[in-house]
Amino acid sequence: MEVTQILLNAQAVDAAVRKHAEESLKQFEEQNLPVFLLSLSNELANHEKPVDSRKLAGLILKNALDSKEQLRKTELVQRWLSLDVSVKSQVKSCLLQTLSSPVPDARSTASQVIAKIAGIELPQKQWPELITSLLSNIHQLQPHVKQATLETLGYICEEVSPQVVDQDQVNKILTAVVQGMNASEGSADVRLAATRALYNALGFSQTNFSNDMERDYIMRVVCEATLSPDVKIRQAAFECLVAISSTYYDKLASYMQDIFNITSKAVREDEEPVGLQAIEFWSSICDEEIDILDEYGGDFTADSDVPCYYFIKQALPALVPMLLETLLKQEEDQDQDEGAWNLAMAGGTCLGLVARTVGDDIVPLVMPFIQENITKPEWRQREAATYAFGSILEGPSPDKLIPVVNVALNFMLTALMKDPNNHVKDTTAWTLGRIFEFLHGSTLETSVITNENCQQILTVLLQSMKDVPNVAEKACGALYFLAQGYEDSPGSPLSPYFQDIIQSLLNVTHRDDAGESRLRTAAYETLNEVVRTSTDETAPVVTQLLPVIMLELHQTLETQKLSSDDREKQNELQGLLCGCLQVIIQKLGASETTKYAFMQYADQIMELFLRVFACRNATVHEEAMLAIGAVAYAVGGNFLKYMQGFYPYLEMGLQNFQEYQVCAITVGVVGDLCRALEEKILPYCDGIMTQLLKNLSSSQLHRSVKPPIFSCLGDIALAIGENFEKYLIYSMPMLQSAAELSSHAVATDNEMLDYANQLRNGILEAYSGILQGFKNCPKAQLLVPYVPHILQFLDKLYNEKDMDDAVMKTAVGVLGDLADTLGTHASTLMNQSVASIEFLEECLSSDDPSIKESAEWAKMAISRAVSV
């Protein structure tokens, strides 16, 4: 069959025809890849062929070059690079030819495929003529060719990193793009493609933005495009401004007045998608300034690297009224729609960011609006006033806000009970939650909640939890923060009402409409927080809650034959119940008096969890694993009797590379088991160690799971002591090579550096556990050959100077462990290592008390080792 027909069949309504066509294509790809790719590219380039087959041909080509999975992507890149040069050049020439096709779908698909190939070849210094040949298309008279070419250049900028394209070509691309954006460009399609291409090319424009003339020109063209008659162009131009605000914040000062004028015009007069981007510009500026102020603590020296320009502070008098106006543009049903986003919500979000940026200065600008509108008969005004109030509660100081909140609190509680409008109630409950989150808690000198008003607040919240789902969900949220504020206080004013609170929350979880507005989830999250922050006096109620939740979990396991939709709801409920049990078990397991009460239920609980594991669902497994960690902590060595039944699921969790969060949590549970069982875990260690070492050497496991696995090796060694001997020959070389890698990690960005530090910390925790595990036993000598390498690792870390505090603390602890376990064998080598001595001195004078404490312990251990 010729490829056109197969491609059309692959889109057929008839499932059997579709399946057969998909299999034929797969077979074709596996048996003869070069011809497969050529057929597809010819199909895409051929004007005679139907649009549908051309479009699918392009899509399959794109998927033959790229994948979301990193491993698969690497394979596909290698596969393309190893193809015969003539095949690749024929495919590429078909694609370039398609850019001039009169069919928009064919052009657009070809643009994307060209960019994918560019992403593979340009970094390899292949296809050097690509950009030049694309730029020559720009001078074509036909607008559709220009449009497709600009789209392709935009996609290429998205695919490749700026280092790959030399500055001369970047200049030419920008010239073409900015010319295409010009108001003099006759075709709206070309202008839109150019504006979107600029968005992707901004990352390449560092040099151009550093040149005043070039930057002025680019900014002028972008600002002009925000006034285009075409709404899509206006929206794309504002998207460019948003990107510029974060990429080139430090270059914006001379344009801010103009930008304020065009954004406020767009917010007040333009269509919603444009207005939303205009507000997003100011939210983005807030994000930049909040980051700068956080990083520099607001005290700028004259030579500070990243000065804050205080754009928001300067714009306040005009910006705040503009944002307050948007709050009155609510949509009737926004509270019911989880994905809702409109001008009012964007304006409120931006107002919240402004409050975090400028602090106290915002309060006097917003209060008159609140006072004027909060009692108006029109619901929109009452809701806007309440939203404005809730939005400014994070940022200003408690001293500034508490007097205002004290006046407003009663009014809010009454509104939550009596306002006739659901929107107003929804926003009022949300605002109360924000009051409790930011202005109540043991760290504040004065709290807005007193023993006097606590009862009234609770009565209102519990009553509100019976309201419509979206209001009840916000009321649960407010109760969550109310409970959280009493976390570290000895007696909680909630205790007398504890039983009522628990019962009300359980009632919410049983509501028929609890599936709406995340209500059931919110009720369980709040129940967990109320239990977690409860005091000893309410422990009996928590103990009574245990069998209630167990029964509910048991009932979910009994229901048979569910539809897939019901099965999903069931899984969600099981996850919530396991999460709730985990919190209850942690609470009861934390004190001797309640631990005994929990022990009576331990067998039944474990039986329930094992049944949960038998239902294959990742989210539920995560929650059940975490709960089992809590059981292990509570029952300690008695957990041994459950190991035989639990071990197969533990192994299953460790092998779960696909749902790597499950794998990571299971690794954490192995640590919990080591602490609970100590040497009793020995019979299971061969299986666990084999799997952990396999995981470490796998390239398929998500990298975030590897640091906890290293820590886990330390937990095992600490639990089984000298029995760890047989694992040394496998684990030490692995630790060495990982240490090697992590000490040379080139941290290209913060995320990479964070990961390098997590890895270092995991490796050091492994060394620490192994050293402590062999302490005071004759086999400790087996570790002596590894000392030079461990010291070398510590020296490298010290010299790199990019450790975070956690790594520093663990590293200085390992110095102490070396001396503590190996005595003179280690101290002789330490004294030869200048870095170790300097590092110890640095940690001894650290401002961080926990680093200092570790260092003092290490110093004692070293001096003991030397004096032996």
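Figured I'd write up the structure that's included with this text. (Residues numbered from 1 in each chain as written. Predicted model: local features only at pLDDT ≥ 70, side-chain atom pairs only at ≥ 80, totals over all residues. Heavy atoms only, no water.)

## Considerations on the overall build of the protein
At step 1: On a plain count of helices and strands, the protein comes out with 41 helices and 0 strands.
At step 2: What you see for the protein is a C-alpha radius of gyration of 32 Å, in line with the 29 Å of a compact globule of 868 residues.
At step 3: Viewed in the frame of its principal axes, the protein has a C-alpha envelope of about 85 × 75 × 70 Å.
At step 4: Here the analysis covers contacts within the protein between residues at least 6 apart in sequence; of these, 72% occur between residues at least 24 apart.
At step 5: With an accessible surface of roughly 39000 Å², the protein has 51% of that area assigned to carbon and sulfur atoms.
At step 6: With 66 positive and 115 negative side-chain charges, the protein shows a spacing of 4 Å between the two charge centroids. (Helix = DSSP H or I, 4+ residues; strand = E, 2+ residues; numbered from the N terminus. Rg over C-alpha atoms; globule rule 2.2 N^0.38 Å. Contact = heavy atoms within 4.5 Å. Areas by Shrake-Rupley, 256 points an atom, 1.4 Å probe, with all protein chains shown as cover. Lys, Arg positive; Asp, Glu negative; His and termini not counted. Charge placed at Lys NZ, Arg CZ, Asp CG, Glu CD.)

## What to know about the environment of Glu740
At step 1: Structurally, Glu740 is set in helix H35 (residues 725-743).
At step 2: On the basis of relative accessible area, Glu740 is assigned to the partly exposed category, the value being 31%.
At step 3: Taking C-alpha positions, Glu740 is 37 Å from Asn200, a pair spaced 540 residues apart along the chain.
At step 4: Residues within four places of Glu740 in sequence aside, it is in contact with His789 and Lys796.
At step 5: Within the local environment of Glu740, its side chain forms a polar contact with the side chain of Lys796, the two groups lying 3.1 Å apart. (Buried < 20%, exposed > 50% of the residue type's maximum accessible area, 1.4 Å probe, protein only. Polar contact = N/O pair within 3.5 Å; in protein donor to acceptor, adjacent residues only side chain to side chain.)

## Section: the packing of helix H39 (residues 824-832) against helix H41 (residues 849-867)
The relative placement of two packed helices comes down to the angle between their axes together with the axis-to-axis distance.
At step 1: The geometry of H39 relative to H41 is characterised by a closest axis approach of 8 Å and an angle of 105 degrees between their N-to-C directions. Considered as vectors, H39 and H41 are oriented roughly perpendicular to each other. Along the contact surface, H39 presents Thr824, Ser827, Met830 and Asn831, while H41 presents Ile862, Ala865 and Val866. (Axes fitted to C-alpha atoms, helices over the stretch in contact; angles between N-to-C directions. Parallel < 35°, antiparallel > 145°, perpendicular 65-115°, else oblique.)

## Here's the deal with the pattern of salt bridges
At step 1: In total, this model carries 43 salt bridges according to the counting rule given.
At step 2: With its nearest N and O atoms 2.8 Å apart, the salt bridge here joins Lys726 to Asp686. Separated by 40 residues along the polypeptide, Lys726 in helix H35 and Asp686 in helix H33 (residues 682-697) bring together distant segments of the chain.
At step 3: Overall, the relative accessible area of 45% leaves Lys726 in the partly exposed class.
At step 4: The network of salt bridges with common partners includes Asp426, Glu473, Lys474, Arg518 and Glu525. (Salt bridge = Lys/Arg side-chain N within 4 Å of Asp/Glu carboxyl O.)

## What to know about the nonpolar core
At step 1: One finds Phe609, Phe639, Phe646, Ile716 and Leu818 to be the most contacted residues of the largest nonpolar core, which totals 304 residues.
At step 2: In this structure Phe646 touches Met606, Leu610, Phe613, Met625, Ile628, Phe639, Val669 and Leu673, once residues within four positions along its chain are discounted. (Core = buried A, V, L, I, M, F, W, Y, C linked by side-chain atoms within 4.5 Å.)

## A closer look at the side chain of Asp802
At step 1: With respect to the helices and strands, the residue Asp802 is situated in the loop between helix H37 (787-800) and helix H38 (805-822).
At step 2: Classification of Asp802 as buried rests on a relative accessible area of 19%.
At step 3: Separated by 2.9 Å, the side chains of Asp802 and Arg760 make a polar contact.
At step 4: Those residues in contact with Asp802 that sit more than four places away from it in its chain are Leu753, Asn757 and Arg760.

## Here's the deal with a negative patch on the surface
At step 1: On the surface, Glu280, Asp287, Asp291, Asp294 and Glu295 cluster together into a negatively charged patch.
At step 2: Tracing the sequence through the fold places Glu280 in helix H16 (residues 272-296).
At step 3: With relative accessibility at 33%, the residue Glu280 sits in the partly exposed group. (Patch = residues over 30% accessible without salt bridge, like charges linked within 9 Å, V, L, I, M, F, W, Y side chains within 5 Å.)

## Some thoughts on the environment of Lys146
At step 1: Mapped onto the secondary structure, Lys146 falls in helix H9 (residues 143-159).
At step 2: Distance from Lys146 to Gly180, taken between C-alpha atoms, is 8.4 Å for residues 34 residues apart in sequence.
At step 3: When residues no more than four places from it in sequence are discounted, the contact partners of Lys146 are Ile138, Gln140, Glu185 and Val190.
At step 4: Separated by 3.3 Å, the side chains of Lys146 and Glu185 make a polar contact.

## Points about the packing of aromatic side chains
At step 1: If you walk through the whole model with that rule in mind, you get 16 aromatic pairs.
At step 2: When the ring of Phe260 is compared with that of Trp282, the centres are 5.8 Å apart and the planes differ by 70 degrees; the resulting orientation is edge-to-face. Of this pair, Phe260 sits in helix H15 (residues 256-269) while Trp282 sits in helix H16, and the two are 22 residues apart along the sequence. Both residues of the pair, Phe260 and Trp282, belong to the buried class.
At step 3: With a centroid separation of 6.1 Å and an interplanar angle of 90 degrees, the aromatic rings of Phe639 and Phe646 are classed as edge-to-face.
At step 4: Grouping aromatic residues by their ring pairs yields a cluster made of Phe613, Phe639, Tyr642, Phe646 and Tyr649.
At step 5: Positioned over the ring face of Tyr755 is Arg703, at 4.4 Å from the centre of the ring. (Phe/Tyr/Trp six-rings, centres within 6.5 Å; stacked < 30°, edge-to-face > 60°. Lys NZ or Arg CZ within 6 Å of the ring centre and 35° of its normal.)

## As for helix H31 (residues 640-654)
At step 1: Of all the bends in H31, the largest measures some 60 degrees and sits at Phe646, one to four residues before the proline Pro648.
At step 2: What H31 keeps buried is the set Tyr642, Met643, Phe646, Tyr647, Leu650, Gly653 and Leu654.
At step 3: Structurally, H31 contributes buried residues whose contacts are with helix H29 (592-614), helix H30 (618-635), helix H32 (660-677) and H33. (Bend = angle between axes of the 7 residues up to and from the residue.)

## Topic: the packing of H29 against H31
At step 1: Contact geometry of H29 with H31 gives a least axis separation of 11 Å together with a crossing angle of 25 degrees. Overall, the two elements H29 and H31 adopt an arrangement that is roughly parallel. When you trace H29 past H31, the crossing you get is left-handed. Contacts from Ala602, Asp603, Met606, Leu610, Phe613 and Ala614 in H29 reach Lys641, Tyr642, Gly645, Phe646, Tyr649 and Met652 in H31. (Left-handed = near helix turned anticlockwise from the far one by under 90°.)

## Focus on the environment of Lys852
At step 1: Among the secondary structure elements, Lys852 is positioned in helix H41.
At step 2: Measuring from C-alpha to C-alpha, the distance between Lys852 and Pro547 comes to 45 Å, with 305 residues separating the pair along the chain.

## Brief notes about unusual backbone geometry
At step 1: Of note in this structure, Lys125 is not a glycine but carries a positive phi near 65 degrees.
At step 2: Looking at the secondary structure, you find Lys125 in the loop between helix H7 (104-121) and helix H8 (130-137).

## Here we look at the side chain of Asp467
At step 1: The residue Asp467 is located in the loop between helix H23 (451-464) and helix H24 (469-484) in this model.
At step 2: Its relative accessible area of 17% is what places Asp467 among the buried residues.
At step 3: Excluding its chain neighbours within four sequence positions, the residues that come into contact with Asp467 are Asn422, Lys425, Ala472 and Arg511.

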